[in-house]
Amino acid sequence: MDSAIIGTWLAALLTLGIMSFLYKDNLYYKICEAIFIGISAGLWFITYFWDSLYRIAWIGVVHEGRYVLLGGVVLGVMMLMRLFGKIGWIARWPLAFIVGATAGLKMMVYFTTNAMAQIHGTVNDTMAAFGGSGLYDVVGRIVILIGTVTGLVYFYFSKEHKGLFGGVAKVGTWFLMITFGASFGYTVMSRMSLLLGRIDFLLTDWLKLVK
Amino acid sequence: MLALLRIAKLVVFISSSLFVISLLPTHSVHSQDASPSGSNLGPITVRAHDTDNDAGGSVTVEWDDPGYEKMSGFAGFLIWRTNTLTGTSDSVEVTPFGTHSYDDRSVSDDSTYSYLVAALVNSERVMSAPSMQVRSAKQWFDSRLTWVLILGLIICGAVIYFIESAKRGTKLFLRRIAGLEAIDEAVGRATEMGRPILFVAGIQDMDDVQTIAGLTILGSIARTVAEYDTKINMPVRASLVMTAARETIKHAYVTAGRPDAYNDDMVHYVTDEQFGFVAAVDGIMVRERPAACFFLGAFFAESLIMAETGNSIGAIQVAGTAMPAQLPFFVAACDYTLIGEELFAASAYLSGEPRQLGSLKGADVGKAIAMIVILVGVIATTIASAWNSESMLWIENLLRKMFSTG
Amino acid sequence: MKKFLPWIILVALIIVVALLPKPLEISPTVSVIVTVLLGLALTGVLVMTMRGHLIGRRTVFLFIGASLTLPFFMNFQMPIKVAPEVQELYDAIAKLPPGSKVLAAFDYDPPSAPELQPQAEAFMAYAFKHDLKVIIMGLWPQGPQQADMAIQKVLQQPAIRAKNIKYGVDYVNLGFQSGNEFVIQRMGSSFRGMFPRDIYNTDCDKIPILNGVDNFSNIDFVFNLSSGYPGTVEWVQIAVDRYGVKLGAGNTAVQAPSVYPYLSSHKLTGLAGGMSGAWQFEQATGEPGVASTYVLPQTFSHMVVIGFIIIGNVALFVGYRKSRQEGV
């Protein structure tokens, strides 16, 4: 029997097994779930072994002579000290390095791109709106302005949400909820797309009901 | 007759010679300062300097066009580079119409270069005089980001100030976070029903600040769980989170005077695969039927799957994440949601740790600056464009310059 | 009998499917009848809800399943209108002259393939047809493999087969590199520092397409397909902001809303979001693919979801009324 046919049937049966959870939890689903978890754990292990450990630690250091990578290898070994009770404290150093390095990189990156550039964009866009670029644009940009400011007020923790400040924060909450609704709609599309992909596979590749 | 034939031959010879001569290309090499025949244009002036605010390896070439672009037959400017150390020359680029500068990014910091710019007009090249010799170099400070530095220092300064104030014992005011009461209620309900609590600290690793916030709240929940002898089940996706979470829960049990009740299996690694992890969490929910589910950390597409399954088993669910794309699902499917920064505020509130409290207050300073700048900027722009006010225009330009990121 | 009902239904379904002609296509008339029946069924559910008979979750699943499955057999053609952000993405790619070097970052895995794989195939087909040189890499382990699958599919097209596309000359796959945004940061100064060899372990110095490609300044455009972290957000924050790279992206629908602020602040040059972005991108590039066949089922499912949102809200208000009547 062709291995492609076996693979297709296996994939189809596993798909249906996972989908059977929609009816209720059952042995068929449990078997498929266990297979999925086991294979995914194994796949990640193999990927990290070959793409990170082998490629960097062995090929990079030993064959290509990039000794700077030894630093990373040493930190990785230190992390494994977690498994040994008495010297487990050694693992805190590489952890501190990872947290610190990521914080250092992300701090300015988030500050410039997510804070300053967005403030620049909000002020800029509203400038264009008042330059007379059409009623739709003007209303849109005013909405963005109100949403941005009231949203910031909602997330301001140094003042109790009472009185006028509380009222503005309430408007911010409404903006947030409307945004969540729009985002939810986008995600419904995403979920349907993923299900569509699976149904397409079942109908086209497995059952051959669709060309 | 013979004379006529000779004259005819001569005429044919002369006319065909003239015809052949007319077909010859009229390309000629001009001296450096000469212009295409028929024009009185001056020379092209070329300036070359090290490109500002870069990491080296780049020279900026600029030139003034005395009018070659307006001539018919203009095809562009050819940039010619000479490495003065090795003596080699090559053409670098032909720039299109309207361009009077070029960043040559294929130079070495170890050499000096000289540039010539030639206007290409009707297949003639009008060369400029060579520029001064220039060497590229890296700059240690990007001057375009000066305001980023200043504002960064202001906000970091505010954070440090508030952290130090908190360390000295100053009470820092934080508004009430309504979700914290829901956390206590959820733990209480699980204890009453004698069913376990499920805690998921997100699917990211320890380098994500949301995971750290989730683990801080875990510490507070674990203390309550230890006191009431409720079971806690915490599946994790990353091994580092597993070790950190085990430490957190163990510390909580020790603090509550119940070290014997702690078990390493309370926190268990499942898989790195995103949907494999959520399949396992769903399985735990459906089989163990926890009374309370906590989803506090960074989540991605699996959030709705977990929240919906928890909803279907009737568990009380409290979620918190700073991932904007996942908040809608938690808001829809959970009993209470800590939205965005409320997760960090809850973490700071529960831990009372000066660093977390101070950071939150410092971030509030940043938010206040953002609100003021946006409002002032909009008002200034409106007045500037409506009434041509110079002072408002100055404010607008200042704000634009301050918040430009390069 | 009730215990065996699911098994009986399953066996009946298997028999029906086995007996159906393959491939199955229903006529436009039958398609319209099926659509009307689906609408009537939804209306029936609405009426039942208004009368206080709430339906179970399994009924909702059945409706969703039907709305996604039945349109595969229908023969309606839905018009596709290209959104401004997708047009902007296409225009940026179309402006690239032949021979331009494009870095394609494949930052997704098989679960996101239904939305992103069609975009990958459309992009690769366009790139090969217009002589763009593509350098592939990924911050997700399975990303480069997804790229390879897209390329193998696209190379089967007769127009592209005729162009005699060569690995190493027209495209190269540098593979996956761990390190998330640190990889992008490092690539800003040196590609070789992160990718000394390609996915087949060939020295990058020996690959013709990589001659003269040292860092982002030698790249004309970056096209990122992303479904999470690390992804488009990190590419914008580091590659665009620090190195001035021109970046266009295709995202899953879950991620797209969080990336829109970058579009409006002009950090991102075009965005194809989700399945709708995929079929619009196929339309814009003139490379119709599998996403274009998903338009009808997607539309049907959205109508059913909207119907159930209305039904759910009706159920909520009926519940309020009932509890008020009972004095709770």
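We now turn to the structure provided with this report.

About the criteria used
- Residues numbered from 1 in each chain as written.
- Chains lettered and ligands numbered in written order.
- Predicted model: local features only at pLDDT ≥ 70, side-chain atom pairs only at ≥ 80, totals over all residues.
- Heavy atoms only, no water.
- Helix = DSSP H or I, 4+ residues; strand = E, 2+ residues; numbered from the N terminus.
- Phe/Tyr/Trp six-rings, centres within 6.5 Å; stacked < 30°, edge-to-face > 60°.
- Buried < 20%, exposed > 50% of the residue type's maximum accessible area, 1.4 Å probe, protein only.
- Pairing = 2+ DSSP bridges.
- Axes fitted to C-alpha atoms, helices over the stretch in contact; angles between N-to-C directions.
- Core = buried A, V, L, I, M, F, W, Y, C linked by side-chain atoms within 4.5 Å.
- Domains from an automatic or database assignment.
- Contact = heavy atoms within 4.5 Å.
- Buried area = accessible area lost by both parts, 1.4 Å probe.
- Salt bridge = Lys/Arg side-chain N within 4 Å of Asp/Glu carboxyl O.
- Polar contact = N/O pair within 3.5 Å; in protein donor to acceptor, adjacent residues only side chain to side chain.
- Nonpolar A, V, L, I, M, F, W, Y, C, P; charged D, E, K, R; others polar.
- Patch = residues over 30% accessible without salt bridge, like charges linked within 9 Å, V, L, I, M, F, W, Y side chains within 5 Å.
- Areas by Shrake-Rupley, 256 points an atom, 1.4 Å probe, with all protein chains shown as cover.

**Description of unusual backbone geometry**
All names here are of chain C.
- A cis amide bond, omega -10°, links Tyr229 with the succeeding residue Pro230.
- Mapping Pro230 onto the fold places it in the loop between strand 4 (221-226) and helix 10 (232-243).
- Although it is not a glycine, Asn201 sits at a positive phi angle of roughly 70°.
- Positioned with a positive phi, His266 is a non-glycine residue whose angle comes to about 60°.

**Let's talk about the packing of aromatic side chains**
- Applying the stated criterion across every chain, the model contains 31 aromatic pairs over all chains.
- For the ring pair Tyr156 of chain A and Phe165 of chain A, a centre distance of 5.9 Å and an interplane angle of 65° mean the geometry is edge-to-face. Of the two residues, Tyr156 of chain A and Phe165 of chain A, both sit in the buried class.
- For the pair Phe295 of chain B and Phe299 of chain B, a centre-to-centre distance of 6.3 Å together with 90° between the ring planes defines the contact as edge-to-face.

**Concerning the sheet that holds strand 4 (residues 89-95) of chain B**
Residues and elements named next belong to chain B.
- Strand order in this open sheet of 4 strands is 4-3-6-7, and the pairing throughout is antiparallel. The open sheet has two free edges, formed respectively by strand 4 and strand 7 (124-127), since each of these has just one partner strand. Going from strand to strand, the sheet's axes swing by 30° on average, the running direction of each strand aside.

**Side note on the nonpolar core**
- Membership of the largest hydrophobic core comes to 61 residues, with the highest contact counts inside it found for Phe199, Ile221, Ile232, Met234, Ile249 and Phe294 of chain B.
- Taken domain by domain, this core gets at least three of its residues from each of domain 2 (146-159 + 356-403) and domain 3 (172-352) of chain B.
- Trp140, Val172, Leu210 and Phe216 of chain C belong to the second largest nonpolar core, which has 39 residues in total.

**Thoughts on the interface of chain B and chain C**
- Counting from both sides, the interface comprises 11 residues of chain B and, opposite them, 8 residues of chain C.
- Between chain B and chain C, roughly 850 Å² of surface is buried when both sides are summed, and carbon and sulfur atoms account for 53% of that area.
- Between the two partners, chain B and chain C, sit 1 salt bridge.
- Between Arg57 of chain C and Glu308 of chain B there is a salt bridge, with the nearest N and O atoms lying 2.3 Å from each other.
- Put simply, chain B and chain C have 1 residue pair in polar contact (both at pLDDT 80 or more) between them.
- Taken together, the residues of the side of chain B that touches chain C sort by class into 3 nonpolar, 4 polar and 4 charged.

**So, a nonpolar patch on the surface**
Residue and element names in this part refer to chain A.
- The grouping of Phe45, Ile46, Phe49, Trp50, Leu53, Tyr54, Trp58 and Val62 at the surface amounts to a nonpolar patch, some 820 Å² of accessible area in total.
- Residue placement: Ile46 occurs in helix 2 (residues 27-63).
- Residue classification places Ile46 among the partly exposed residues on the basis of a relative accessible area of 41%.

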